[in-house]
Amino acid sequence: MKTSTQTKANSTNTTGMSGFEVKLRARMQRALLLALACLTCLAPSTQAKDLPCGDITSSITVKYLDQSLQPDGSYAVLMKCQVFVKSSASITFEPGVTVKAPKTGTDGKAPALVIEQGAKIDAQGTAELPITFTTSETLPPLSSDDPDSIKKQRGLWGGVIICGKAPTSKSGNGNSLPEVEGLNPSVKYGGDNSDDDSGILRYVRVWHGGAVISEDNEINGITFAGVGSSTIVEHVEVAYNADDGIEFFGGTVNVKYASVLFVEDDALDTDEGYQGKLQFVFVMLAHDSHHGAEMDSMTDGDVNSQPRSFPQLYNAMFVGRAGPRTSDRDDAMLRLREGTGGRFANIIITNIGSATPAVKQDQCGSEKRSSNLGTASAAGDKNYLWFDSMNIVHCGMSEGCPEMTMYDLDASCKTDNSSIDDRTMTRVDPELILLPRTSNEYTKFLDPRPVEDGTSYSSFYNPELDSFFERTGYRGAFGPHLWLARWSALADEAKLPDDIYGRVLNEDIKGVVMLKASDTNLLAAQVRVKAGATLNIEPGATISCYADDGRGKAPSLIIEQGAKIVAMGTASSPITFTSAKPLKQRKSKSWGGLIILGNAPISQGGTNQVEGIDGGTYGGNDPNDNSGTLQYVRVWYGGEVVGTNKEINGITFAGVGKGTIIDHIEVAFNFDDGVEFFGGTAQVKYLSLIANGDDSIDTDEGYQGKIQHAFVMLGSYGHHGVEMDSRTGGNLDSQPRSFPQLYNALFIGQKDIMPAKLKAARSSDDLSDGLMRLREGTGGEFGNLILTNVRDVGVKNDDCSASVRHVQTRADATSVSGFDYLFFSSKNIIHGANKPFDQASGCSGTLSSAQNANPDLESVPPGLDEDSTYMDPRPKDKSVARQNFDTVPSDGFFDDVSYKGGFDDTIWLSGWSFLADTNRLPRGSLPSRESLLCGDITSSRTISGVVFLNCQTFVASGVTLTIQKGTTIKASGSTNGKAPVLVIQQGGKINAVGTADEPITFTSAVAPAEYKDVSKHPYGLWGGLIICGKAPINTRGTKIVEGIEEGGKGTYGGNDPTDNSGTLQYVRVWHGGAVIGKDNEINGITFAGVGKGTKVSHIEVAFNADDGVEFFGGTVDVKYMSVMYAEDDAIDTDEGYQGRIQFAFVVLGKNSHHGTEMDSKEEKDANDQTRSFPQLYNALFVSHLQHSPESRMSDDLVPAVMRLREGTGGEFGNIIMTNVVNVGIHQDKCAGEIRTSNLPRPEFGRPGYLWFSQNNIIYGPGMAFQLNPGCGGISNIIRDDPNLGSIPSEPDPTMLAIDPRPLPNGAAFENIDQVPQDDFFEDVTFKGAFGSEESGNWLQKFSFLSVADKLYYSGTPEVKRVVQKETVTVTSTSKEQDDSLAAIIGGIVGFVALVGIICSAYMFYQRALIKRQYDRLVSDFQRSQMEMEMSSRTGSVAGATV
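Bear in mind the structure is a predicted one, so any value in this text is a computation, not a measurement.

## Examining the overall build of the protein chain
Then step 1. Looking only at helices and strands, the protein chain has 12 helices and 95 strands in total.
Then step 2. The buried share of the protein chain, reckoned over its 1442 residues, is 63%.
Then step 3. Residue pairs in contact within the protein chain that sit at least 24 positions apart in sequence constitute 71% of those at least 6 positions apart.
Then step 4. When the accessible surface of the protein chain is split by element, carbon and sulfur atoms take 47% of a total near 48,800 Å².

What follows is the structure, encoded as structure tokens:
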């Protein structure tokens, strides 16, 4: 029955296709016909590592993988000479390619890339993978101490020159066309084709160029010479060029998102009648640059030559140098001269010196000049210059520069034809987020966007609507979007924030202010919360902090005396102070820190000043002083200089009183100390310090506070875990004496961290050893401590006061009055130290005793650092940390405990720490001894509930491990490079029988607790499940699973095809694939020589870092198998596997590799051994329309859904592949097996053939087959839509839902292959893995898709399908609708078969080019896809009303 939607669609489209489907087919036809034309006309792509010298006469592609390692450690393709792409040829650069060139090439000239008339360049990068042209010369450092250092960054190669056929004021006919100066042989440009197309530049960077290409002829970064408007230029940048940045010699090319930085001459230069459009232009001058723009028109002395230059420049920002240029040439930010016309609006000119005009205009012609568009345009088409009066000019100083010249006209321009003068621009502060007055090449950090609701968002001009200009709502080059982020040179140099936008904090806070979690909060200056004011921060708020305030000081938040900060986060919604830089650039010293100044006592006897902070007064006489609340607050990546050579701590507590509430705080990756207490009485519970650059905890100036529950991991950069001082003014007995009370802390040192990785503390006054350093007269109490992984010295004690007694028992401590003692309990644990104590002579009392024992923590291996993937700091059940602990002081602050270290059974870091955010901590309660798997299991055992797999575990021969239904096995992370794995040895058994309602799950202890949140699904968090049997493999003996060599425990293979290793039913294996041995990642489930006596059904592998399920030989049969989002191959068979598989479902992620990789050959001739012969029936493979393999674990990146190779045989029937965008089947390395699409006659005999049924369906825009030479035989296939319920075109984990069942009466129910009639296969009436009835979706309840609420399975797919017919994905075209498309594809396939491997290879190389056209349509289609998936949520309701 049809819905009304269907009826309407069919009544308006006589072909029965939706408008989208018609558009899709037409686009696909054009793309495929283009591919056919390319195949017939062009040679295969050149694979050279260097660009060819001289002329390029046929099209080439410079591939990302063509790049080679350079001496500086980068990867690049070399251009060693001048390269000329000749007419009709093209040069394509893949995203991410870097081209490097020397100053002088092998031809004696500066290398340059020249695109001649009629040639094309296709350089389409992305923000993440820009295409870069730069120098191969060694770049000297750029230093403000050497004003000439900028010159050494320029002129180190030539540039990029593009020549087109568009009009110029020098264009003539034939030989009268102008030539690009300096090129030999000469290259012409110009003509009469305004729409000329020279290709595409997108995300292209040209750096360090401008060398002399001939006598007295430097080259511009990018030269557009007579280039036409069909050329696409977006997101281009020229930086550090010795001549102009971008120059336009006539032509009509349009440019959007252009950046020109620190060039020596003019950033933009237009002349010879250039009549193109420019929008979103950012120019930043160096201290010695010339103009921001020089725009001319005069040709051969005629200021009225035609066509008149008429650039239309909207939304530009020019950042000057705020001082005079040392040059005798005319100076101005914009120079408009020699009769140029044009339109100039939404422009900001800032940071210009008082002696530098914003605009200088001279040598005018007959063009009308006005600041009023109506007045100017009355002069006629392109015979005027309009410079909008709303353009902003500013000197960059908040007080303004009244003496500044805005518009300087020479005598030739002060005529009746002009109404522009110095009063016709807007003199106002554009209110930018961060643009220092002295911005130039040495600027540390900037953000040129306007603040919210600033003046740049008012009085803007909306350009006329056309196919190029966008309406913006602001003046200048930027609105909220920082389009330079991630790809500009400024981004590469870490001078820009990430593309985040919101509230800017750059002024003092004097009242009550709330920072909301829903806002983006940008800390761009040193912001003080003044006395009497309160800063409230909502749970979950993030404060993103800039690296510099524009004056050489790091932005910091300072809570002054008498002010309060109320930052009350939660474990699920912590408050975060972090760097505003992109994630990959975040590191220590990326901003300042959090500074809290209180009125509590300090040993200075009054007040003191925080170094580097003007007015940073702290100290007083109120020990109960209250500076507010910090709860669940994280401070990451700080420690930059806040004043002259003064780095700052992550959190500074300066004279802070105990009325301040502080718990659950963390400092990570700070350049200086983590937390420092300058006197005061602050009390802290649950303190986390990770990989800070100097001391994790620093106390001095009479600090007398309390700390309990502390976690310190030094990492590779740390110095001391604590440095505790007291001396003030040279007096070791200054009062009050520092007396920190520290109980229940875990300190993890640097033992066994690789020496090359260890760095000396970068912000320390010395490099003395000691995980704890107690010095300079400090007292204190230290109990229930664990110091583990101690590299050298455990506790260093020096500069003692003779008045302080050092004791190690509570009784001795109580015998001393006041604070004149230092109690370090002998019950504390110091593990791994070469020298537990290093105490200087002269100290009163001796520190020499501690428990030298392994604290036996769950997972704190030697070498643990900030890059370790897993840790569990809790003590094990029988650990010494749970025995002989100290009683804490009974004073109302300390919690009574029964353990040493920072943790008991609960990891209080969970949910909010950096370690939790990066999935390095286990989830859930501490396992009991009965629920642990680790080591050898030598007697049969039954497990249930939640079980922890803490190391590599082996079930020995004769032993059965029974896993009850509903059991979850949570694996820890890797220890010493070996991930936990469960190995069933030969002769051992696993009996894991779950149900759909109560499946058995193997997963990581740090995997997401809530699977409906699919934003984080990590790979490779643990190993996997390995089953080793005694069935035959093709080496006719045994082998050992790689990575499990020790003791032969990974042995597999034999001569028993019926071997029984147990049962797997309703078993899920998620998030595995970590390294189990050196350089050996593991599959989710490995069947190694497993026999058919083993029962396997309803198994699933998801998010595995290597293959999903791999069969190394053997004969095991599998029914109902699901593999999703494996990074490498979903199903891998080799070494003579001869088992049977029915009902298999595979979903490939965007960067997954193959759905299957099926091999046979093992070291020798594929014909001289047991041939692999998998029998695979009823499988559904769902690919991804953006499929681009990037597997870290693969031996190649051939993009195909199925790969059959190395002589494998097999039977493949009732298969469906959909969303095939690259290749359906890739077959190579064939041997003597018969390959056919018709089921062989019995006399051929198994395993001597490979049959891939002609009834199988391969659907999508990609090729059905890519068969290498010697692999012919498979030919026929069905290309029809399989008509599945709901298959997203991009089936990522974040998709709304999927229904893989076929529609009744669709193509999946036609021409069904008869399955083998034996004791395994079930007779079916459908292709693919599922029937259409509700019970046909066997994934329900047990699959990840079901758990994550991504699976449709109620009702039949038909109801949802008819409602969604108009918006279903590429799989919506019926057989009748797609005959012409099938014919085209068939023609392509036939042609490929005819020309063989050359064309196959070429199609593979040109895949991205063909796919690009298809992707444009897919991008347009995403909105309708989303609507389809949303409507299907209510599909059953809609169906009820049909």
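From this point, things continue past the structure.
## Observations concerning the environment of Asn254
Then step 1. You can see Asn254 is positioned in strand β18 (residues 254-261).
Then step 2. A sequence separation of 21 residues divides Asn254 from Val233, and the C-alpha atoms of the two residues are 6.7 Å apart.
Then step 3. Look past the residues within four positions of Asn254 in its chain and what remains in contact with it is Ser229, Thr231, Val233, Gly276, Lys277 and Phe468.
Then step 4. In this structure the side chain of Asn254 is engaged in a polar contact, spanning 2.9 Å, whose partner is the backbone nitrogen of Lys277.

## Looking at the environment of Ala101
Then step 1. Secondary-structure assignment places Ala101 in strand β7 (residues 98-101).
Then step 2. Under the relative-accessibility criterion, Ala101 is labelled buried at 0%.
Then step 3. Along the backbone, Ala101 and Trp157 are 56 residues apart, and their C-alpha atoms lie at a distance of 6.0 Å.
Then step 4. Other than its neighbours up to four places away in sequence, Ala101 contacts Met79, Pro111, Thr134, Thr135, Ser136, Glu137, Leu156 and Trp157.

## Quick notes on the side chain of Gln1340
Then step 1. Note on placement: Gln1340 falls in the loop between β95 (1299-1302) and α7 (1344-1347).
Then step 2. At 3.1 Å, the side chain of Gln1340 forms a polar contact with the backbone oxygen of Asn1337.

## A look at the pairing of strand β64 (residues 872-875)
Then step 1. In β64, alternate side chains face the same way, and those of Asp872 and Arg874 on one face and Pro873 and Pro875 on the other are all buried.
Then step 2. Pairing of strand β63 (residues 857-859) with β64 involves 2 bridges; the strand directions are antiparallel. Following the sheet pairing, Leu857 is matched in β64 by Pro875.

## Points about the state of the cysteines
Then step 1. Under the counting rule described, the total for this entry stands at 5 disulfides.
Then step 2. Here Cys364 engages in a disulfide with Cys413; their sulfurs sit 1.8 Å apart. Negative torsions about the S-S bond denote left-handed disulfides, and the value of about 95 degrees found for Cys364 with Cys413 makes this one right-handed. On the criterion of sequence distance, the pair formed by Cys364 in the loop between β25 (359-362) and β26 (368-370) and Cys413 in the loop between β29 (407-409) and β30 (426-427) is long-range, its members being 49 residues apart. Of the two residues, Cys364 and Cys413, both sit in the buried class.
Then step 3. One disulfide in the model links Cys800 with Cys843; its S-S distance is 1.9 Å. Its torsion about the S-S bond being 70 degrees, the disulfide of Cys800 and Cys843 is classed as right-handed. With Cys800 in the loop between β58 (793-798) and β59 (805-807) and Cys843 in the loop between β62 (835-839) and β63, this pair connects stretches of sequence that are 43 residues apart.
Then step 4. We classify Cys843 as buried; its relative accessible area is 14%.

## Points about the packing of aromatic side chains
Then step 1. Tallied over the full model, the rule gives 56 aromatic pairs.
Then step 2. Consider the rings of Tyr1019 and Phe1103, whose centres lie 5.9 Å apart with planes at 75 degrees: the pair is edge-to-face. Taken together, the residues span a long stretch of sequence, with Tyr1019 in the loop between β72 (1000-1004) and β73 (1025-1028) and Phe1103 in the loop between β80 (1095-1102) and β81 (1109-1112) at a distance of 84 residues.
Then step 3. Judged by relative accessible area, which is 1%, Phe1103 ranks as buried.
Then step 4. Centre to centre, the rings of Trp1070 and Phe1344 are 6.2 Å apart; their planes meet at 85 degrees, and the pair counts as edge-to-face. Residue Trp1070 is found in strand β76 (residues 1062-1070), and its partner Phe1344 is found in helix α7; the two are separated by 274 residues along the sequence.
Then step 5. According to the relative accessible area criterion, Trp1070 is buried, its value standing at 2%.
Then step 6. The rings of Tyr1120, Phe1143, Phe1145, Phe1326, Phe1330 and Trp1338 are connected pair by pair, giving a single aromatic cluster.
Then step 7. Positioned above the aromatic ring of Phe468 is the side chain of Lys256, whose terminal nitrogen or guanidinium carbon lies 4.5 Å from the ring centre.

## Focus: the nonpolar core
Soluble, globular proteins show a tendency: their nonpolar side chains are buried together.
Then step 1. In terms of nonpolar packing, the biggest core is built from 75 residues, with Ile91 and Phe93 touching the most fellow members.
Then step 2. Those residues in contact with Ile91 that sit more than four places away from it in its chain are Leu51, Ile56, Ile60, Val62, Val85, Leu113, Ile115, Lys120, Ile121 and Asp122.
Then step 3. Listed in part, the 64 residues of the second largest apolar core include Val722, Leu822, Ile830 and Phe837.

## Some words on the sheet that holds strand β48 (residues 651-654)
Then step 1. Taking strand neighbours across the sheet as the criterion, the 10 strands line up as β36-β39-β42-β48-β50-β52-β54-β56-β58-β62 in an open arrangement whose pairing is parallel. The open sheet terminates on both sides in strands that have one partner only, identified here as β36 (527-529) and β62. Ignoring which end each strand starts from, the neighbouring axes of this sheet average 10 degrees apart.
Then step 2. Summarising the sheet, strand β52 (residues 697-700) and strand β54 (residues 722-724) pair through 3 bridges and their orientation is parallel. When the sheet's bridge partners are listed, Asp698 is paired in β54 with Glu723.

## Notes on unusual backbone geometry
Then step 1. Here the bond from Gln306 into Pro307 is cis, since omega is -5 degrees, no more than 30 degrees from zero.
Then step 2. Tracing the backbone through its elements, the reader meets Pro307 in the loop between β21 (293-295) and β22 (312-319).
Then step 3. Even without a glycine there, the phi angle at Asn1178 is positive, about 60 degrees.
Then step 4. Here Asn1178 is to be found in strand β86 (residues 1175-1182).

## Some words on a nonpolar patch on the surface
Then step 1. Residues Tyr64, Leu65 and Leu129 make up a contiguous nonpolar surface patch of roughly 310 Å² in combined accessible area.
Then step 2. As for its position among the elements, Leu129 is in the loop between β9 (120-124) and β10 (131-135).
Then step 3. On the basis of relative accessibility, which here comes to 38%, the residue Leu129 falls in the partly exposed class.

## Brief notes about the confidence of the model for the protein chain
Low pLDDT means the predicted atomic positions in that stretch should not be read closely.
Then step 1. When the pLDDT values of the protein chain are averaged, the result is 86; 85% of them are 70 or greater.
Then step 2. Counting contacts from residues 324-328, a segment whose pLDDT is below 50, to residues more than four positions away or on other chains yields 5 contacts.

## Examining the pattern of salt bridges
Then step 1. Within the structure shown, the criterion is met by 73 salt bridges.
Then step 2. Between Asp917 and Arg634 there is a salt bridge, and its shortest N-O distance comes to 3.2 Å. Taken together, the residues Asp917 in helix α6 (residues 914-917) and Arg634 in strand β45 (residues 628-636) connect sequence positions 283 residues apart.
Then step 3. On the basis of relative accessibility, which here comes to 28%, the residue Asp917 falls in the partly exposed class.
Then step 4. Put simply, Glu1157, Asp1159, Arg1203, Arg1205, Glu1206 and Asp1228 are held in one network by salt bridges that share partners.

## So, the sheet that holds strand β5 (residues 83-85)
Then step 1. Here 11 strands make up an open sheet; going across it, the order is β1-β5-β8-β11-β15-β17-β19-β21-β23-β25-β29 and the pairing parallel. The open sheet is flanked by β1 (54-56) and β29, the only strands paired with a single partner. Strand-to-strand twist across the sheet, computed as the mean angle between neighbouring axes with direction ignored, equals 10 degrees.
Then step 2. In the sheet, β21 pairs with strand β23 (residues 334-337) via 3 bridges, with the strands oriented parallel. Bridge pairing in β23 links Ala293 to Leu334.

## A look at the pairing of β23
Then step 1. Of the two faces of β23, the one lined by Leu334 and Leu336 and the one lined by Arg335 and Arg337 are each fully buried.
Then step 2. Pairing geometry for β23 and β25, over 4 bridges, is parallel. Residue pairing in the sheet places Arg335 in a bridge with Lys360 of β25.

## Details of the environment of Lys796
Then step 1. Inspection of the secondary structure puts Lys796 in strand β58.
Then step 2. Overall, the relative accessible area of 16% leaves Lys796 in the buried class.
Then step 3. For the pair Lys796 and Leu771, spaced 25 residues apart in sequence, the C-alpha separation works out to 7.7 Å.
Then step 4. A distance of 3.3 Å separates a polar atom in the side chain of Lys796 from a polar atom in the side chain of Asp838.

Rules used in this analysis
Residues numbered from 1 in each chain as written. Predicted model: local features only at pLDDT ≥ 70, side-chain atom pairs only at ≥ 80, totals over all residues. Heavy atoms only, no water. Helix = DSSP H or I, 4+ residues; strand = E, 2+ residues; numbered from the N terminus. Buried < 20%, exposed > 50% of the residue type's maximum accessible area, 1.4 Å probe, protein only. Contact = heavy atoms within 4.5 Å. Areas by Shrake-Rupley, 256 points an atom, 1.4 Å probe, with all protein chains shown as cover. Polar contact = N/O pair within 3.5 Å; in protein donor to acceptor, adjacent residues only side chain to side chain. Pairing = 2+ DSSP bridges. Disulfide = S-S within 2.5 Å. Phe/Tyr/Trp six-rings, centres within 6.5 Å; stacked < 30°, edge-to-face > 60°. Lys NZ or Arg CZ within 6 Å of the ring centre and 35° of its normal. Core = buried A, V, L, I, M, F, W, Y, C linked by side-chain atoms within 4.5 Å. Axes fitted to C-alpha atoms, helices over the stretch in contact; angles between N-to-C directions. Patch = residues over 30% accessible without salt bridge, like charges linked within 9 Å, V, L, I, M, F, W, Y side chains within 5 Å. Salt bridge = Lys/Arg side-chain N within 4 Å of Asp/Glu carboxyl O. pLDDT = per-residue confidence, 0-100.

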